[in-house]
Amino acid sequence: MITYADACRVLNESRGEAVAVTTMTQTKYWNQISKEPDLDIGIANGMSKASSVALGLALGDPERSVLCLDADGSLLMNFGSLATIAGMAPKNLYHFVFNNGIYSVTGGQPLPTAGVEYAKAAEACGYASTHRFEDVESLDSALPEILRSPGPVLIEIIVKGEPQAEGVDQTWESNAKMPLQLRALRKRLTGNDDWGPGGPFI
Amino acid sequence: MSHYVTLPDSETAHMYEALMAEPSITMVPVSREGEAIPVAAGLFVAGQNPVVSIQNAGLYEAGDALRGLALGIGLPLVMFIGYRGHNRMGDTADTAAKYLEPFLHMWRVDYFVIESDDDLDRVPIAFERAAKTNQPFAVAIGTEYAKESPSGTESEGE
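A quick note: this is a predicted structure, and the numbers were derived from the prediction, not measured.

Parameters at a glance
Residues numbered from 1 in each chain as written. Chains lettered and ligands numbered in written order. Predicted model: local features only at pLDDT ≥ 70, side-chain atom pairs only at ≥ 80, totals over all residues. Helix = DSSP H or I, 4+ residues; strand = E, 2+ residues; numbered from the N terminus. Buried ≥ 20, exposed ≤ 12 C-beta atoms within 10 Å, placed from the backbone. Contact = placed C-beta atoms within 7 Å. Rg over C-alpha atoms; globule rule 2.2 N^0.38 Å. pLDDT = per-residue confidence, 0-100. Nonpolar A, V, L, I, M, F, W, Y, C, P; charged D, E, K, R; others polar. Pairing = 2+ DSSP bridges. Axes fitted to C-alpha atoms, helices over the stretch in contact; angles between N-to-C directions.

## Digging into the overall build of chain B
Okay, so step 1: Looking only at helices and strands, one finds 8 helices and 6 strands in chain B.
Okay, so step 2: In chain B, the succession of helices and strands from N to C terminus is β-α-β-α-β-α-α-β-α-α-β-α-β-α.
Okay, so step 3: Each of the three principal axes of chain B carries a C-alpha extent, and together these read 40 × 35 × 30 Å.
Okay, so step 4: Out of the 158 residues belonging to chain B, those deemed buried represent 49%.
Okay, so step 5: Within chain B, contacts between residues separated by at least 24 positions form 73% of all contacts whose residues are at least 6 apart in sequence.

Laid out in structure tokens, this is it:
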């Protein structure tokens, strides 16, 4: 079983200049180590939709790799996105699913499943390739080759659950993070600082 | 427009067929309407100009995505909404139609209704308003307009 910290560390070491779309507990750990914050999006206020945002980014900028650090509970809420991603077949999308079997941010309640194997589900949907890792050494050694292979690729990572007691941060400042990150990323990808303020937070 | 993110419906099927024949536009079919707005958000961030096309019943399913990833981030997005059940008499047994305009009012999404070709000059205004306000803007395509269009269909539902 892999810790969130180790999984994010290994991914960050192989990240290069890929866009990283994170959600839930992955965002917390990724923000602590990322060296490219202008290429990061922490999906908040968009329950379960990290994989769909990542698909849009991958289709919109096909020359740049997109890493999606998804959660098992989140993917279950947006399970059809596996079929949609396979249908569009973006060669630059790498879909990581952190599988811990629980809803971490609400305190660790079990998912309503008998134990989904997300790599097998993605394979059945038509992803170009799929992988499943239960130890960090195997993930570390395989990752560079995986990120050179054509997507869409789903990489299931079995992680140790970390139930959180503090819940979700909902302040004006925290809710402004995602719209600001999205604007910074658009500026980085397009070179244009042309997306002005809008919405309740900025 | 660069990408047409859609789950086809009866009211906008004629648009789907026409846009399929347009090589400059990439079709992005989704499996469920709730995916459409997040996909469009990603495309826009990458520098593209997507639109979304889904049915009113699907828009209700997409409510949280509309809240968080369109209204919440200030996304300038035109959404074509199939107005299933709409008619000019204002008498419909289809609750998908009954709730659409109250739904858009509740979310504070501005919109136009397209009932005939005479209304089509609203479409470019919708794009202008979305860009000017950095907010989503809906264009509801009425069932009767879909029936009157050359390639429209009279079938119901998705």
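Moving on, there is more to tell.
## Describing the overall build of chain A
Okay, so step 1: A count of helical and extended segments in chain A gives 8 helices and 8 strands.
Okay, so step 2: Relative to a compact globule of 202 residues, whose C-alpha radius of gyration would be 17 Å, chain A shows 16 Å and is just as compact.
Okay, so step 3: Across its three principal axes, chain A shows a C-alpha extent of roughly 45 × 40 × 30 Å.
Okay, so step 4: Expressed as a percentage of its 202 residues, the buried residues of chain A come to 47%.

## Structural notes on the confidence of the model for chain B
Residues and elements named next belong to chain B.
Okay, so step 1: Averaged over chain B, the pLDDT score is 91; the fraction of residues at 70 or greater is 92%.
Okay, so step 2: For the stretch residues 151-158, pLDDT sits under 50, and the model shows 15 contacts to residues farther than four places along the chain or on other chains.
Okay, so step 3: Interface predicted TM-score (ipTM) for the complex: 0.97; the corresponding pTM is 0.95.

## A short note on the interface of chain A and chain B
Okay, so step 1: Contacts between the two partners involve 34 residues from chain A, matched on the other side by 27 residues from chain B.
Okay, so step 2: When residues of the side of chain A that touches chain B are traced back to their parent elements, those giving at least two are helix 3 (50-60), helix 5 (80-88) and helix 8 (172-190) of chain A.
Okay, so step 3: No other element matches helix 3 of chain A, which puts 8 residues into the side of chain A that touches chain B.
Okay, so step 4: Across the side of chain A that touches chain B, the residue classes tally to 17 nonpolar, 14 polar and 3 charged.

## Thoughts on the sheet that holds strand 5 (residues 110-114) of chain B
Residue and element names in this part refer to chain B.
Okay, so step 1: Spatial strand order, 2-1-3-4-6-5: 6 strands in an open sheet with parallel pairing. Because the sheet does not close on itself, it has two edges, and the strands there are strand 2 (26-29) and strand 5. The mean inter-strand angle of the sheet, taken between neighbouring strand axes irrespective of direction, is 20 degrees.
Okay, so step 2: The strands that helix 2 (residues 36-45) touches are strand 1 (3-6), strand 2 and strand 3 (50-55); relative to strand 3, the one it contacts most, it runs at about 175 degrees.

## Section: the sheet that holds strand 2 (residues 40-43) of chain A
Residue and element names in this part refer to chain A.
Okay, so step 1: If you trace the 6 strands from one edge of the open sheet to the other, you get 2-1-3-4-8-7, paired in parallel fashion. Pairing within the sheet leaves two strands with one partner each, and these edge strands are strand 2 and strand 7 (129-133). Strand-to-strand twist in this sheet, taken as the mean axis angle between neighbours without regard to direction, amounts to 15 degrees.
Okay, so step 2: With 6 bridges joining them, strand 3 (residues 66-71) and strand 4 (residues 93-99) adopt parallel strand pairing. Along strand 4, the bridge assignment pairs Leu67 with Tyr94.
Okay, so step 3: Helix 2 (residues 24-33) rests against strand 1 (19-23), strand 2, strand 3 and strand 4 of the sheet, and its axis sits at about 130 degrees to strand 1.

## Regarding helix 2 of chain B
Turn by turn, an α-helix covers 3.6 residues, leaving residues three or four places apart pointing in a common direction.
Okay, so step 1: Across the 10 residues that make up helix 2 of chain B, a large majority, 10, are buried.
Okay, so step 2: Three or more residues of helix 2 of chain B are buried, namely Ala36(B), Ile37(B), Pro38(B), Val39(B), Ala40(B), Ala41(B), Gly42(B), Leu43(B), Phe44(B) and Val45(B).
Okay, so step 3: Looking at the packing, one finds that the buried side of helix 2 of chain B touches helix 3 and helix 8 of chain A together with strand 1, strand 2, strand 3 and helix 4 (63-71) of chain B.
Okay, so step 4: Once helix 2 of chain B finishes, Gly47(B) follows within two positions and takes phi at roughly 100 degrees, a positive value.

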